[in-house]
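# Topology and contacts: notes
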Amino acid sequence: MCKTSCIIAEMRWAAVIVLFSLVFSVITAEDSDDAPSLRVLARSSVYNAGEKKAIYCKGKNLQQNLEWYSPSGEAVEGRSTTNTRVYVERQKNDSLLPLIIHSLKIEDSGNWTCKAGELNETIEILVGERVNITNRFESFEGEEGKSVKLNCEAKGKPQPVVQWYKDIQVLSDKSKKYVVRKIRDNYQLEIKELNHRDTGEYVCKVTQNSLRYYTDKRVQLTVQHKPIMFNSDTEEIYPTSTYRTEEVYAILNETKNISCSAIAHPVPTFRWFRRYENGFEEPIEDEDMVVTSPRGNVSVLVLRMYNETIYGEYKCTAKNLKGEASIVFHVTEGNKPNPPDEAGVYASNVSTITFNVTCFTCNMDFESEKAPDPENLVVIGYSFELVPAREGFLPEWDTASLFDIDIENGNETLFTVGPLPNSTTFHARVRTRNAAGHSEWVDIISADIRTTDKAIKFIASLTLLIAALLAIVNI
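Residues numbered from 1 in each chain as written. Predicted model: local features only at pLDDT ≥ 70, side-chain atom pairs only at ≥ 80, totals over all residues. Heavy atoms only, no water.

## A closer look at the pattern of salt bridges
Opposite charge on two side chains permits pairing when their charged atoms draw close. We apply this condition: A pairing counts as a salt bridge when a side-chain nitrogen of Lys or Arg comes within 4 Å of a carboxyl oxygen of Asp or Glu. The cut-offs for exposure are 20% and 50% of the maximum accessible area for each residue type, with area from a 1.4 Å probe on protein chains only; residues under the lower value are buried, those over the upper are exposed, and the others partly exposed.
All chains considered together, the criterion is met by 22 salt bridges. For the salt bridge of Glu-281 with Arg-275, the shortest nitrogen-to-oxygen distance reads 3.1 Å. For Glu-281, a relative accessible area of 22% gives the class partly exposed. With a relative accessible area of 21%, Arg-275 lands in the partly exposed category. The salt bridge partner of Glu-396 is Arg-390, with a shortest N-O separation of 3.0 Å. What makes Arg-390 partly exposed here is its relative accessible area of 44%. Among the charged side chains, a network of salt bridges with common partners joins Arg-136, Glu-201, Asp-216 and Arg-218.

Here you go:
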């Protein structure tokens, strides 16, 4: 044991002796060098306006006093009642002379020189002014078809690099849409021929690399424009036209909700009309038949299909002070889809349950390019309802959680439902969906409709492990 430890100790001492010898030789060399020398203990650099800096000049074996000279060539004097911003502070040791600059200014930029007789050394100081944007957040409104100019005042030195962005994309002034102009210190962005797509947040990013400084200005632009109809399910924006007709399928003796969605600013006013073959349009005044979303951009017509006279055309009109747009929904009878043939639990975890659902008698022809057949519409998805099970009680479906899941291809059979509470047993049921409506509900009969409690077990195990480690540490 001693042999190894003794060798290590001897190696450490040898290293210490070598290091001491090197330091001693350097000190001896410096002491033996009697030649006068001078150096500034700082590098040429960039400083921020308003800062305070002390820059030291060190001399050795000098015959003359150290002096600092400003960029104008004038000697810097010591501190006095009339000279309190830029001065030198002489030390008892004449070999060190600090230059003190309080509250740096742009005009302090230039070459500062330390001299002693014929010896001198110069450093360059660049004083920069950070860009200060007083109003970094603005809201602005423009009008459809017109132009708008967004301002970004960015005064600073060195001159900043300024770039406008929208949605992380750089706005190029090479396009006909955007023009960026520099008017003195204002980097102005002009957006031409405004439309609804121009609504959003615009960011003016300002960078001063030499000062390692960044700031920005954000402008929220809202464009006033006439309503534009869109499909709330697919988010497809309909082409602008006087009228557009959409096919809607409904099932007799069921309720059909028809959504009319519009992008508009200001928020539009919706009106519904029943259209007849002779061109007559009858306004729908029944408040129980029309529901408007809290944001005001969607209006839903509720049709109770109690007989065939309800089928026909319904027009939705959205109007604001900038204009109006309309869409006609042609409501015809569609088939009620067949319910699933089989449904069971495939897998589960802490927060989800995956079901295996098939419907062999359903139309799953997603790739067909033919027009929809109202008597055999393609099944577009399944609806699941889950409610926590209580022993001795029937499922309360009125309180169930609903999950609508779309089918992406006809061969798909596994569908994951969640998020759900962990370690919970559920009642579950499923039904098919097509463009007309839903099938009857089918109860999923299984004893395994439950989420797991693995997360709880893991946390408990982790707690025990931590406790055990703490006990070992304290031994």
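## Remarks on the nonpolar core
For soluble globular proteins, the rule of thumb is that nonpolar side chains tend to be buried together. Cut-off, in case you're wondering: Think of a nonpolar core as a cluster: buried Ala, Val, Leu, Ile, Met, Phe, Trp, Tyr and Cys residues, connected wherever their side-chain atoms sit within 4.5 Å. Helix and strand labels come from DSSP, where a helix needs a run of H or I of at least four residues and a strand needs a run of E of at least two; each type is numbered from the N terminus. Should any heavy atoms of two residues lie within 4.5 Å, those residues are counted as being in contact.
By size, the foremost hydrophobic cluster in this structure holds 22 residues, and its most contacted members are Met-229, Trp-272 and Val-331. Considering each element in turn, this core owes the most residues, four residues, to strand β24 (residues 323-333). Once residues lying within four places of it in the same chain are set aside, the contact partners of Val-331 are Val-248, Ala-250, Ile-258, Leu-303, Met-305, Tyr-311, Gly-312 and Tyr-314.

## Side note on the sheet that holds strand β26 (residues 353-358)
Within a sheet, adjacent strands bond to each other through the backbone by hydrogen bonds, running parallel or antiparallel. Short version of the rule: A strand pair is defined by DSSP finding two or more bridges across the two strands. The angle between two axes is taken between their N-to-C directions and runs from 0 to 180 degrees, where each axis is a line fitted to C-alpha atoms and a helix contributes only its stretch in contact.
In space, the three strands of this open sheet follow the order β25-β26-β29, with antiparallel pairing throughout. Only two strands of the sheet have a single partner each, and these edge strands are β25 (342-348) and β29 (414-417). Shown here is a sheet whose adjacent strand axes are inclined to one another by a mean of 30 degrees, direction ignored. Two elements, β26 and β29, share four bridges in a ladder whose sense is antiparallel. What sits directly across from Phe-355, in β29, is Phe-415.

## Looking at the pairing of β26
In terms of burial, β26 is largely enclosed, as five of its six residues are buried. Here β25 runs beside β26; their pairing, made up of six bridges, is antiparallel. Bridging from a neighbouring strand, Glu-342 pairs with Thr-358 of β26.

## Digging into the environment of Thr-332
Within the secondary structure, Thr-332 sits in strand β24. Counting along the chain gives 24 residues from Thr-332 to Glu-308, while the straight-line C-alpha distance between them is 9.1 Å.

## A look at the state of the cysteines
Selection criterion: Any cysteine sulfur atom paired with another within 2.5 Å is treated as part of a disulfide.
With the rule as written, the count across this model stands at four disulfides. A sulfur-sulfur distance of 1.9 Å marks the disulfide that ties Cys-57 to Cys-114. Taking the torsion about the sulfur-sulfur bond, which here is approximately -85 degrees, the covalent link between Cys-57 and Cys-114 counts as left-handed. With a gap of 57 residues between them, Cys-57 in strand β3 (residues 53-60) and Cys-114 in strand β7 (residues 110-116) connect regions that are remote in the sequence. Since its relative accessible area comes to 0%, Cys-114 is described here as buried. Covalent S-S linkage joins Cys-359 and Cys-362, the inter-sulfur distance amounting to 1.9 Å. As the torsion about the S-S bond is roughly 60 degrees, the Cys-359-Cys-362 disulfide counts as right-handed. The same class applies to Cys-359 as to Cys-362, namely buried. When the bonded cysteines of the protein chain are counted from the start of the sequence, the pairing works out to 1-2, 3-4, 5-6, 7-8.

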